[in-house]
Amino acid sequence: MSEHQTAAPRSLAEALRARDDASLAALLRARPDLITPVPTDLTQLATRAGTRASVVRALERLDRFALQTAEALAVAGDPATYGELLGLMAGDEPDPAVAAALPRALAGLREQALVWGDDDRLRLVRTARELLAPGPQHPSPTGLGPTLREATAGMSPGRIQELVAAAGLPSTHDPVSAVAALTGLFTDRARMAELLGEAPEESRQVLGRLMWGPPYGQVTAEPAAHLRWLLDRALLVPTTPGTVVLPREAALHLRGGRAHRAPEPVPPAVAPAAVHPARAVDATAAGQAYAATATVEELLKDWHEGGPPVLRSGGLSVRDLKRTAVALDLPEPLAAFWVELAYCAGLLASDGEADERYAATPAYDEWLERPPAERWALLAETWLAATRTPGLVGGRDAKERPLSALGPGLDRSAAPEVRHRVLGLLAALPEGTAPDRESVLARLRWERPLRGPQRHDDDLRTRLAEWTLQEAELLGVTGRGALAGHGRALLGHPPEPTDPHADAPAGAEDDIPDTPGDKLPVAHHRPAPAAPVARAAASAAAVRLLAPLLPEPLDHVLLQADLTAVAPGPLRRPLAETLDVLADVESKGGATVYRFTPASVRRALDAGRTASDLHAFLAEHSRTPVPQPLTYLIDDVARRHGRLRVGAASAYVRCDDDALLNEIMADKRAAGLRLRRLAPTVLAAQADPAALLEGLRAMGFAPAAESAEGDVLITRSDARRTPPRTAPEPVPDGPPVPDATLLAAAIRAVRAGDVASTAPRKPVDSAPLAAGELPRTSSAETLATMQAAVLTGEAVWIGYVNAEGAASQRVIAPVRVEGGFVTAYDHTADEVRTYPLHRITGVAELADD
């Protein structure tokens, strides 16, 4: 093995160059932004991995212990040894849990290119060190302050010598050695303990208050004696007038060497809150699943003839959301959830008309034709993948604009990941076990801790987790708080999970995958989207488990003498649709109560039914005899229905009974319609037909609309549909996780580009090229070098600019030069290509080695 292969890497690029393809694939999978677009070589990959935006994204995806490890490296020396890092994480006393977890955390940081170097020379990427290291403007999460050297940087040499003398150290000849002597004292456990043993009690109390941070304090111009004692020995160092800081070395001694007050090497376990029989959980969830499909159907049925208008800024108005909530008999937040879910599933959309309104889409009719279990599966799959977040409705965005249902600004790209993670934690529990809510939130905070002074109440992930638990129960993915069998199948989990805590410390290993290429908890990596085949298989499995648990639709109702009908369970679709037109829903629950009224019977007659049709329908579908009052009601409404005919002139009323028209003319309530008689059987109105119909119905009549040919118009409640619409696409959380094919192609391209950029070249007479600079030769020199390479069969290094103007470096072996083109085997692309000579900027020979 050559010397450069065994030597320690001197840069992140060299460390990446030493990795195998599996390790590079793990890096690009964990940080997909690094291959968007694909870098030209490993040097560019290393540069991109060190940019601030990319490093911030990577740090935000670390679990708490991995982040604590990075924070410890930020306050350690640069480079640091593994022993120094372990001391900062575990302190002076051995900590088996920290010692066991640290190698995995460090391996994860290395895998994500946040740390590079061997165990004796660990280096945190410079950008990460700048983000995590303590400073006056951004205190470190460790609570540590600057080093003694940094704190005394502006101090006069005479004052530094005074500090050395007060600490009992011999004087030195220069400030650098004086600071080094003080640092050596502070890092020597025995000597430091002896020095602090001489401190007044009040001085030790001050150090105790600053020990865990923040390390800054305030002093007056004439500090008290116990503060003066600390200032004279550099245990407190002035930074600005009136402000002092506790040096990092002194704080670490007081902490027993620990960088963090409470290292958290083991994820907190998800504690059970209750255990229910699995059958009870599945039955409860199935009931909720059926209610979910019924609620969406009821919502869109209410919008059949055109839903609420679309706001100019998009979305539903507050008033329309309230009306929808009243119609569904639900609180407004729950109404917003169902409206958003139907929208994300593509079941409702705006109609795109000039007077834009929401309405059901053609996909809704297809959805209604599916079995109930399949209808539920579409809703549940949509919910899992959707980035729209109904819980935000009613709040305000960053510009203090209100967030409305179906409006803009509700997408949160983290929502699908949080939903999958919360349900994954539930799936790791034994069947029938409902988790403790706080333990779930604590686990999620460990897997993705907050950076900065944010409170947990402001944490979007925490709120997303809380909404997930609520919405999963509403949808029937969970029942009584526990994951149902069909919910487990929808996630692709096995039906019989084992106890994750049986043979490991609580919560220690339940997330840690066994595959060699992925040694981090799943929270580190964004899961790749499931393949369509896998999603379809999981959905089919969930449908198979749910279908037997759903109630069988009934084909009958129970008619009662008080003009009501009781449906003791869900009804078959044709029966339910007809009954919804013929009667009004009075109450819901285990049984649905319908009430027959003159208006509801007229609605059925308007839809084209005759009195004989309605009598036959009720006789066929009632398990009880048809009550006489209901028969009289239908006959009475049918006898009066259509005697008045309303058509379009402006509008007119036609009736064969002129006495009835006289009654209308004499009614004071008709004044607003501005009626006048045109003939004994015809009245004209200065109102449109729809307003005239509503006005006459409000007066107690039963008019029917007629066409231009004089036929009765039949109105159907499901006539309003939008044009075909596609469901809204989820907003991705950054670049998508690349699949295996893309990873292999990207790694191949990067390595090939690296070969081209690092290939040794023969020295030339001109000045040496800077890194990344293309070779420059004249056309004649380029042609001559190419022709010589064809004869010798040697590879050459070229600079090439393609038709889009993108420049690249390539290593090629010319095979033929003719007609202004060179045909060569391109080592960079690993294939034979033809290049126009006029696009080659220059050519250089490769060195013999």
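Note: the structure precedes this text.
Anyway, here's the lowdown on the structure attached to this text.

## Digging into the environment of Ser 140
Okay, step 1: Mapped onto the secondary structure, Ser 140 falls in the loop between α9 (126–132) and α10 (148–151).
Okay, step 2: Distance in space between the C-alpha atoms of Ser 140 and Pro 214 is 8.7 Å, their sequence separation being 74 residues.
Okay, step 3: In this structure, Ser 140 is in contact with Val 75, Leu 132, Ala 133 and Pro 134, ignoring residues within four places of it in sequence.
Okay, step 4: Of the polar contacts made by the side chain of Ser 140, one reaches the side chain of Thr 142; its length is 2.7 Å.

## What to know about the packing of helix α27 (residues 573–582) against helix α28 (residues 598–606)
Okay, step 1: Following both chains from N to C, one finds α27 and α28 inclined at 120°, their axes separated by 7 Å at the closest point. Judged on the interaxial angle alone, α28 and α27 are oblique. Packed against α27, whose contacting residues are Asp 580, Val 581 and Leu 582, the element α28 presents Ser 600, Val 601, Arg 603 and Ala 604 at the interface.
Okay, step 2: Residue composition of the contact of α27 with α28, grouped by class: four nonpolar, one polar and two charged.

## Some thoughts on the nonpolar core
Okay, step 1: One finds Leu 16, Phe 186, Leu 235 and Leu 236 to be the most contacted residues of the largest nonpolar core, which totals 91 residues.
Okay, step 2: Among the elements that make up this core, the one with the highest residue count is helix α6 (residues 64–75) (eight residues).
Okay, step 3: Leaving out residues up to four positions away in the same chain, Phe 186 has contacts with Leu 148, Met 192, Leu 195, Arg 233, Ala 234, Leu 235, Glu 249, Ala 250 and His 253.
Okay, step 4: Counting 68 residues, the second largest nonpolar core, distinct from the first, contains Trp 376, Trp 383, Leu 475 and Ala 541.

## Concerning the packing of aromatic side chains
Okay, step 1: Following the criterion strictly, the structure yields four aromatic pairs and no others.
Okay, step 2: Geometrically, the ring pair formed by Tyr 800 and Tyr 835 is edge-to-face, given 4.8 Å between the ring centres and 70° between the ring planes. Placement of the pair is Tyr 800 in strand β21 (residues 796–801) and Tyr 835 in strand β24 (residues 831–836), with a sequence separation of 35 residues.
Okay, step 3: Relative accessible area serves as the criterion here: at 11%, Tyr 800 is assigned to the buried category.
Okay, step 4: Classification of Tyr 835 as buried rests on a relative accessible area of 3%.
Okay, step 5: Directly above the aromatic system of Trp 367 lies the positively charged group of Arg 375, at a separation of 5.5 Å from the ring centroid.
Okay, step 6: Directly above the ring of Phe 617 sits Arg 609, whose terminal nitrogen or CZ lies 6.0 Å from the centroid.

## Structural notes on the packing of helix α21 (residues 372–385) against helix α26 (residues 532–546)
Okay, step 1: Contact geometry for α21 and α26: axes closest at 9 Å, N-to-C directions at 135°. Accordingly, the angle class assigned to the pair α21 and α26 is oblique. Here α21 and α26 pass one another in a crossing that is right-handed. Judged by residue contacts, Ala 373, Glu 374, Trp 376, Ala 377 and Glu 381 of α21 engage Arg 535, Ser 539, Ala 542, Val 543 and Leu 546 from α26.
Okay, step 2: For the contact of α21 with α26, a count of residues per class yields six nonpolar, one polar and three charged.

## Structural notes on helix α7 (residues 82–90)
Because each turn of an α-helix spans 3.6 residues, side chains separated by three or four positions end up pointing in the same direction.
Okay, step 1: Listed in full, the buried residues belonging to α7 are Leu 85, Leu 88, Met 89 and Ala 90.
Okay, step 2: Its buried side turned inward, α7 meets α6, α8 (96–111) and α16 (248–254).
Okay, step 3: Looking one or two residues beyond α7, the residue adopting positive phi is Gly 91, at roughly 85°.

## Some remarks on the sheet that holds strand β20 (residues 704–705)
Hydrogen bonds between backbone atoms are what pair the strands of a sheet, whose relative direction is either parallel or antiparallel.
Okay, step 1: If you trace the five strands from one edge of the open sheet to the other, you get β18-β19-β17-β16-β20, paired in mixed fashion. Strands at the two margins of the open sheet, each flanked by one partner only, are β18 (675–679) and β20.
Okay, step 2: As judged from the four bridges shared by β18 and strand β19 (residues 682–685), these two strands associate in the antiparallel manner. Considered in β19, the bridge of Leu 675 is made with Ala 685.
Okay, step 3: Here helix α31 (residues 658–666) sits on the sheet and contacts β17 (651–654), β18 and β19; the angle it forms with β18, its principal contact strand, is near 155°.

## What to know about the pattern of salt bridges
Note on pairing: side chains with opposite charge can pair once their charged atoms come close.
Okay, step 1: Tallying each qualifying case throughout the model produces 41 salt bridges.
Okay, step 2: For Arg 191, the salt bridge goes to Asp 188, with nearest N and O atoms at 3.9 Å.
Okay, step 3: With a relative accessible area of 35%, Arg 191 lands in the partly exposed category.
Okay, step 4: Look at Asp 188 and you get partly exposed, because its relative accessible area is 27%.
Okay, step 5: Salt-bridge contacts for Arg 639 lead to Asp 636; the nearest nitrogen and oxygen are separated by 2.6 Å. Here Arg 639 and its partner Asp 636 are both found in helix α30 (residues 628–640), three residues apart, which amounts to about one turn of the helix.

## Focus on unusual backbone geometry
Okay, step 1: With an omega dihedral of 0°, the bond running from Thr 36 to Pro 37 counts as a cis peptide bond.
Okay, step 2: Within the secondary structure, Pro 37 is located in the loop between α3 (21–30) and α4 (42–49).
Okay, step 3: Cis geometry is found at the peptide bond from Asp 78 to Pro 79, where omega equals 5°.
Okay, step 4: Of note, Pro 79 is situated in the loop between α6 and α7.
Okay, step 5: The phi dihedral of Glu 400 is positive, around 65°, even though this residue is not glycine.
Okay, step 6: Among the secondary structure elements, Glu 400 is positioned in the loop between α21 and α22 (415–427).
Okay, step 7: Assessed through its relative accessible area of 56%, Glu 400 is described here as exposed.

Calculation notes
- What you see as residue numbers is a count from 1 along each chain, following the sequence as written.
- Selection of residues for local features in this predicted model requires a pLDDT of at least 70, selection of side-chain atom pairs for listing and counting requires 80 or more, and totals for whole chains, interfaces and linings are taken over all residues.
- Only hydrogens and water are set aside; all other atoms, that is, all heavy atoms of the structure, feed into the side-chain values.
- Only DSSP runs of H or I covering at least 4 residues are called helices, and only runs of E covering at least 2 are called strands; the numbering of each starts at the N terminus.
- Throughout, a contact is declared for two residues whenever any of their heavy atoms are within 4.5 Å.
- For this analysis, a polar contact is any N or O atom pair within 3.5 Å, provided that within protein one partner can donate a hydrogen and the other can accept it, and provided that sequence-adjacent residues contribute only side-chain to side-chain pairs.
- Every axis corresponds to a line fitted to the C-alpha atoms, with the helix fit spanning only the stretch in contact, and the corresponding angles, defined between N-to-C directions, vary from 0 to 180 degrees.
- Convention used here: angles under 35 degrees read as roughly parallel, angles over 145 as roughly antiparallel, angles from 65 to 115 as roughly perpendicular, and any remaining angle as oblique.
- Polar here means any residue outside two lists: the nonpolar Ala, Val, Leu, Ile, Met, Phe, Trp, Tyr, Cys and Pro, and the charged Asp, Glu, Lys and Arg; Gly therefore counts as polar.
- To qualify as a nonpolar core, a set must consist of buried Ala, Val, Leu, Ile, Met, Phe, Trp, Tyr and Cys residues joined through side-chain atoms within 4.5 Å.
- Residue exposure (1.4 Å probe, protein chains only): buried if accessible area is under 20% of the type maximum, exposed if over 50%, otherwise partly exposed.
- Ring geometry is summarised as follows: Phe, Tyr and Trp rings, the Trp one being its six-membered ring, pair when their centres sit within 6.5 Å, and such pairs are stacked at plane angles under 30 degrees, edge-to-face over 60 and tilted between the two.
- Counting as a charge over the ring demands two things of the Lys NZ or Arg CZ atom: a distance within 6 Å of the ring centre and an angle within 35 degrees of the ring normal.
- The sense of a crossing depends on the near helix, which, turned anticlockwise from the far helix by less than a right angle, makes the crossing left-handed and, turned clockwise, makes it right-handed.
- Any two strands between which DSSP finds at least two bridges are classified as paired.
- Between Lys or Arg on one side and Asp or Glu on the other, a salt bridge is scored when a side-chain nitrogen of the former is within 4 Å of a carboxyl oxygen of the latter.

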